[in-house]
Amino acid sequence: MLGKLKLATASLAGCFGCHMSFLDIDERILELVDVVEFDRTPLTDIKTVGECDVGLIEGGVANEENVEVLRDFRRHCKVLVALGACAVNGGIPAMRNQFELEDCLRESYVDGIGVANPGIPNDPEIPLLLNKVHPIHEVEKIDYFLPGCPPSADTIWTFLTELIEGRPVSFPYTQIHYD
Ligand code: SF4
C-alpha cells in the first residue's frame, strides 16, 4: 500500500475492552505508526471521521448516536471491521434484548433495588435508546469480523499487518480459538 494507511476507530455500545486489547500490541505500536496514520479514534480524541482506509468498530448499536456514528464510518471508510463480540453479535449489551426496553428502564431507574430519586432520565443530551441492541452488520455493510471478547492483541496485529501489506487476511490457529 502506498503512503500511510488511514485508520479510524470508535466504540459504540462497548466497554472499551477491545480498544484496550488493541493497545496491548505494546511496543509494536511504534511499528504501526510508521505505516498508519490515526484519524478519529479515542486514541487521538479527533471527534469527526475523515476519509479513511480502515475503520474498526467496537460495540453494538444500542442508541441513535451509535447509528449515526456507524453510518458516518461506513460513508468514510473503505473497509469497515466489526471488532469484538459486541460488534459481531451484540455481546453483553444485547442481553437486554430478551426484555422490553421500558421494563429495563424501570428496573434501572425506578423499581430496582437501591434506586434513590426514582425517575427515568429524559434529557435531550442523552441519545435515545433503540428498542433492541443490534450487531453492527444489521445496520451497515461490514467487510471483516474479528470475534473474541476482546480479540487478542495478536489477532488485531495480524489483521492490520496483513491488510497493510495487501495480503489475504489469515490467522494462525492460536489466534482463532476461544477456549
Ligand atoms: Fe468489551 Fe468484550 Fe464487548 Fe469488546 S467484545 S466491547 S471487550 S464486552
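Residues numbered from 1 in each chain as written. Predicted model: local features only at pLDDT ≥ 70, side-chain atom pairs only at ≥ 80, totals over all residues. Heavy atoms only, no water.

**Points about the nonpolar core**
Within soluble globular proteins, side chains that are nonpolar generally end up buried alongside one another.
Line of reasoning, step 1. By size, the foremost hydrophobic cluster in this structure holds 21 residues, and its most contacted members are Leu7, Phe22, Leu32, Val54 and Leu56.
Line of reasoning, step 2. The element contributing the most residues to this core is helix 6 (residues 153-164), with seven residues.
Line of reasoning, step 3. With residues up to four places along the chain from it excluded, the contact list for leucine 32 reads Phe22, Ile25, Phe38, Trp157, Leu160 and Ile164.
Line of reasoning, step 4. Counting residues in each nonpolar core, the second largest holds 18 residues, with Ala8, Phe73, Ile136 and Ile142 among its members. (Core = buried A, V, L, I, M, F, W, Y, C linked by side-chain atoms within 4.5 Å. Buried < 20%, exposed > 50% of the residue type's maximum accessible area, 1.4 Å probe, protein only. Helix = DSSP H or I, 4+ residues; strand = E, 2+ residues; numbered from the N terminus. Contact = heavy atoms within 4.5 Å.)

**Let's talk about helix 5 (residues 101-111)**
Line of reasoning, step 1. Those residues of helix 5 that sit buried are Leu101, Cys104 and Leu105. Each buried residue of helix 5 sits inside an arc of 95° when the element is viewed along its axis, so together they form one side. (Arc of directions from axis to C-beta.)

**A word on the side chain of asparagine 63**
Line of reasoning, step 1. Position of asparagine 63 among the secondary structure elements: in strand 4 (residues 61-63).
Line of reasoning, step 2. With relative accessibility at 13%, the residue asparagine 63 sits in the buried group.
Line of reasoning, step 3. At 3.0 Å, the side chain of asparagine 63 and the backbone nitrogen of glutamate 65 are in polar contact.
Line of reasoning, step 4. Residues within four places of asparagine 63 in sequence aside, it is in contact with Pro127, Leu128, Leu129 and Leu130. (Polar contact = N/O pair within 3.5 Å; in protein donor to acceptor, adjacent residues only side chain to side chain.)

**Remarks on the site of the ligand**
Line of reasoning, step 1. Near the ligand the following residues occur: Gly14, Cys15, Gly17, Cys18, Glu58, Gly84, Ala85, Cys86, Gly148, Cys149 and Pro150.
Line of reasoning, step 2. Mapped by element, the contributors of at least two residues to the shell around the ligand are helix 1 (17-23) and helix 4 (85-89).
Line of reasoning, step 3. Taken together, the residues that form the shell around the ligand break down as six nonpolar, four polar and one charged. (Near = heavy atom within 4 Å. Nonpolar A, V, L, I, M, F, W, Y, C, P; charged D, E, K, R; others polar.)

**Examining the pattern of salt bridges**
Line of reasoning, step 1. The full count for this structure, using the stated rule, is eleven salt bridges.
Line of reasoning, step 2. Two residues, aspartate 143 and arginine 74, come together in a salt bridge whose shortest N-O distance is 3.1 Å. One end of the pair, aspartate 143, is in the loop between strand 6 (129-134) and strand 7 (144-146); the other, arginine 74, is in helix 3 (residues 64-76), with 69 residues separating them in the sequence.
Line of reasoning, step 3. In this structure arginine 74 comes out as buried when scored by relative accessible area, which is 17%.
Line of reasoning, step 4. Its salt-bridge partner being aspartate 143, residue lysine 141 comes within 2.6 Å of it at the nearest N-O pair.
Line of reasoning, step 5. We classify lysine 141 as exposed; its relative accessible area is 56%.
Line of reasoning, step 6. Take aspartate 143: its relative accessible area is 25%, and that puts it in the partly exposed class.
Line of reasoning, step 7. Linked through salt bridges whose partners overlap, the residues forming this network are Arg74, Lys141 and Asp143. (Salt bridge = Lys/Arg side-chain N within 4 Å of Asp/Glu carboxyl O.)

**Notes on the layout of surface pockets**
Line of reasoning, step 1. As a volume, the largest pocket reaches approximately 490 Å³.
Line of reasoning, step 2. Forming the boundary of the largest pocket are 20 residues, of which Leu105, Tyr109, Ile126, Pro127 and Leu129 lie nearest the centre.
Line of reasoning, step 3. Only strand 4, helix 5 and strand 6 provide two or more residues apiece to the lining of the largest pocket.
Line of reasoning, step 4. Per-element tally for the lining of the largest pocket: the top contributor is helix 5, with five residues.
Line of reasoning, step 5. Of the pockets and cavities examined, the second largest pocket occupies roughly 160 Å³.
Line of reasoning, step 6. What lines the second largest pocket is Thr9, Ala10, Ser11, Phe16, Arg40, Thr41, Pro42, Asp45, Ile46, Lys47 and Val69.
Line of reasoning, step 7. The greatest single-element share of the lining of the second largest pocket, amounting to three residues, is contributed by strand 1 (residues 5-11). (1 Å grid on protein atoms, 1.4 Å probe; cavity = no way out; pocket = protein on both sides within 12 Å on 5 of 7 lines; lining within 4 Å. Points joined across faces, edges and corners; volume = space filled by probe spheres on them.)

**Digging into the sheet that holds strand 3 (residues 52-58)**
Line of reasoning, step 1. Overall, parallel pairing links the five strands, which are arranged 2-1-3-5-7 in an open sheet. The sheet is open, and its two edges are formed by strand 2 (36-38) and strand 7, each paired on a single side. The mean angle between the axes of side-by-side strands here comes to 30°, regardless of whether they run parallel or antiparallel.
Line of reasoning, step 2. Lying on the sheet, helix 3 is in contact with strand 1, strand 3 and strand 5 (77-83); it crosses strand 5 at an angle near 135°. (Pairing = 2+ DSSP bridges. Axes fitted to C-alpha atoms, helices over the stretch in contact; angles between N-to-C directions.)

Everything listed here is a matter of coordinates, which is why it stays silent on function.
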